[in-house]
Amino acid sequence: MGFYDTDAEGMRPRRRGPLSWLAVIVVSAMIGSIVTMLFLPAMIRSHLVNLPVAQAPGTNLAPPSGVQQTVSYTVDTGIVQAVNKVKPAIVGVVNVAKVPDFWRGQMVQKDQGVGSGVIFDPRGYVVTNNHVVEGASAVEVVLANGQRVKASIVGTDPLTDLAVLRIPADQVKADMVATFGNSDTLQPGEPAIAIGNPLGLEFRQTVTVGVISATGRTLPITDSQGQVVWEQDVIQTDAAINPGNSGGALCNIEGQVIGINSSKITQTAQGPVEGLGFAIPINEAKPIIQQLITNGKVIRPVLGITAVSLQELPLESRPQVPVDYGVVVGQPTAGAAAAGLQEGDVIVQVDNTPVHNVSDLRKALFVKKPGDTVSVTFYRGQQKLTVNVKLSAAS
């Protein structure tokens, strides 16, 4: 048999020729290809068809029949390693106060605030902010594992907003002690990691990451009357620092503590701001911490002057001196007055340390002790003079 057709003269059957057969084959192949393309995705999804996988010679990428492969990866960046290194040292600091209980008619203890702290010594010493423990009748520390232990206040320093606490040494394991870094080598743009307890213990050990925005910033410290009594050197960062982060750690990429988080600015006269957090440089904090451990307080030597940095004054208000840096003397008393310093003198050096601003003067004096005598170089008008001043203790 064959495929038959009729000719024009009648119903006589006619066998197809080779060209007709070729046309039938081509059309059938095209139809088959179209049907395959339409149904191939469904066949793949139903695992009726397995596509070949290209692979390099000597490798075998095909899984065993009927076995699905699971792809996994590990994130272990420098930031993750730094966080894991320092995180066990970050604790919660609970300010416990005595408050009246209306129903009992007596005073009871109640948590009135939560901040953060850093274990820095295996003997159980913890550094935090002064304002975290200020006014507390008792202080408790919440360890990284959630355990709550009693702490004693070793010493506080309102001017630098630092405080040192102590917990039982048997509560401190080797991996719970933070390492201090070097805040003097920080550069704007390098990573900054803040760890603490924003908004309380519910979010304890929160990690935020940013950069060092600036170094060498200063923030004024005021007393209860709003008078500026100190200027605190701070590190500026855009890592999020929120209420409760106070006293926590600002770390570098090595997992070293390079600052103690202290404050942030959220509002100015120009409107709300974002990403302005501040930390006390650890190199500034270390001598304070040591004095608090040794003396329970900070004993500061002073010249006996009020002071302002020359560059902070408007040009028309500056003393007429041949330099554009230094500290302008105001209201000399005690040793400064006895040595002959006068209002309007511009101090440019203490011993062998140049003094460009109030921060430099403070640093130069802080390594001294009350009763020490220092050489003070200053300008009075165009004249450069030097006197010896006996330091007294800050009141």
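Structure first, text after, so check above.
Not measured: the values here are computed from a predicted model. (Residues numbered from 1 in each chain as written. Predicted model: local features only at pLDDT ≥ 70, side-chain atom pairs only at ≥ 80, totals over all residues. Heavy atoms only, no water.)

Peer 1: Would you take a moment to explain the overall build of the protein chain for this structure?
Peer 2: Along the backbone of the protein chain there are 6 helices and 24 strands. A buried classification covers 36% of the 395 residues belonging to the protein chain. Carbon and sulfur atoms form 55% of the exposed surface of the protein chain, whose accessible area is close to 22,800 Å². (Helix = DSSP H or I, 4+ residues; strand = E, 2+ residues; numbered from the N terminus. Buried < 20%, exposed > 50% of the residue type's maximum accessible area, 1.4 Å probe, protein only. Areas by Shrake-Rupley, 256 points an atom, 1.4 Å probe, with all protein chains shown as cover.)

Peer 1: Sorry, what's going on with the sheet that holds strand E7 (residues 148-157) here?
Peer 2: Neighbouring strands of a sheet are bound in pairs by backbone hydrogen bonds; such pairs are parallel or else antiparallel. Spatially, 6 strands are ordered E3-E4-E5-E8-E7-E6 in a closed barrel, and the strand pairing comes out antiparallel. Geometrically, the sheet is characterised by an average inter-axis angle of 45° between neighbouring strands, direction not taken into account. Of the strand pairs in this sheet, strand E3 (residues 90-101) and strand E4 (residues 106-119) are connected by 12 bridges, and their pairing is antiparallel. Bridge pairing in E4 links Val-93 to Gly-115. Contacting strand E5 (125-128), E7 and strand E8 (162-166), helix H4 (residues 282-295) runs over the sheet at an angle of about 50° to E8. (Pairing = 2+ DSSP bridges. Axes fitted to C-alpha atoms, helices over the stretch in contact; angles between N-to-C directions. Contact = heavy atoms within 4.5 Å.)

Peer 1: Looking at this structure, how should I read H4?
Peer 2: Residues lying three or four places apart along an α-helix face the same way, a consequence of the helix completing one turn every 3.6 residues. The end-to-end C-alpha distance of H4, which contains 14 residues, comes to 19 Å, matching closely the 20 Å that a straight helix rising 1.5 Å per residue would cover. Taken together, the buried positions of H4 are Ile-282, Glu-284, Ala-285, Ile-288, Ile-289, Gln-291 and Leu-292. Backbone geometry just after H4 places Gly-296 at a positive phi near 80°. (Expected span 1.5 Å × (residues − 1).)

Peer 1: Would you mind going over helix H2 (residues 78-86) with me for this structure?
Peer 2: Along H2, the residues classified as buried are Ala-82, Val-83 and Val-86. Buried positions in H2, seen along its axis, are confined to an arc of 100° and lie on one side of it. (Arc of directions from axis to C-beta.)

Peer 1: Teacher, can you tell me more about the pairing of strand E20 (residues 346-350) here?
Peer 2: As a general feature of sheets, a regular strand has side chains that alternate between the two faces. Summarising burial for E20: 4 of the 5 residues are buried, a large majority. Pairing geometry for strand E19 (residues 327-330) and E20, over 2 bridges, is antiparallel. Residue pairing across strands places Val-327 opposite Ile-347, the latter belonging to E20. As paired elements, E20 and strand E22 (residues 373-380) share 4 bridges and run antiparallel to each other. Its bridge partner being in E22, Val-346 is matched across the sheet by Tyr-379. When E20 meets strand E21 (residues 353-354), the two strands line up antiparallel, connected through 2 bridges. Residue pairing for E21: Val-350 is matched across the bridge by Thr-353. Count of turn residues in the E20/E21 antiparallel hairpin: 2 residues, of which Asp-351 carries a positive phi of about 55°.

Peer 1: Looking at this structure, I do not really get the packing of H4 against helix H6 (residues 358-366). What am I missing?
Peer 2: Any two packed helices are characterised by how steeply their axes cross, that is the angle between the axes, and by the distance between the axes. Contact geometry for H4 and H6: axes closest at 12 Å, N-to-C directions at 40°. Comparing their axes, H6 and H4 come out oblique. Here the hand of the crossing between H4 and H6 comes out left-handed. Judged by residue contacts, Glu-284, Pro-287, Ile-288 and Gln-291 of H4 engage Arg-362, Lys-363 and Phe-366 from H6. Of the residues contributing to the contact of H4 with H6, the split by class is 3 nonpolar, 1 polar and 3 charged. (Parallel < 35°, antiparallel > 145°, perpendicular 65-115°, else oblique. Left-handed = near helix turned anticlockwise from the far one by under 90°. Nonpolar A, V, L, I, M, F, W, Y, C, P; charged D, E, K, R; others polar.)

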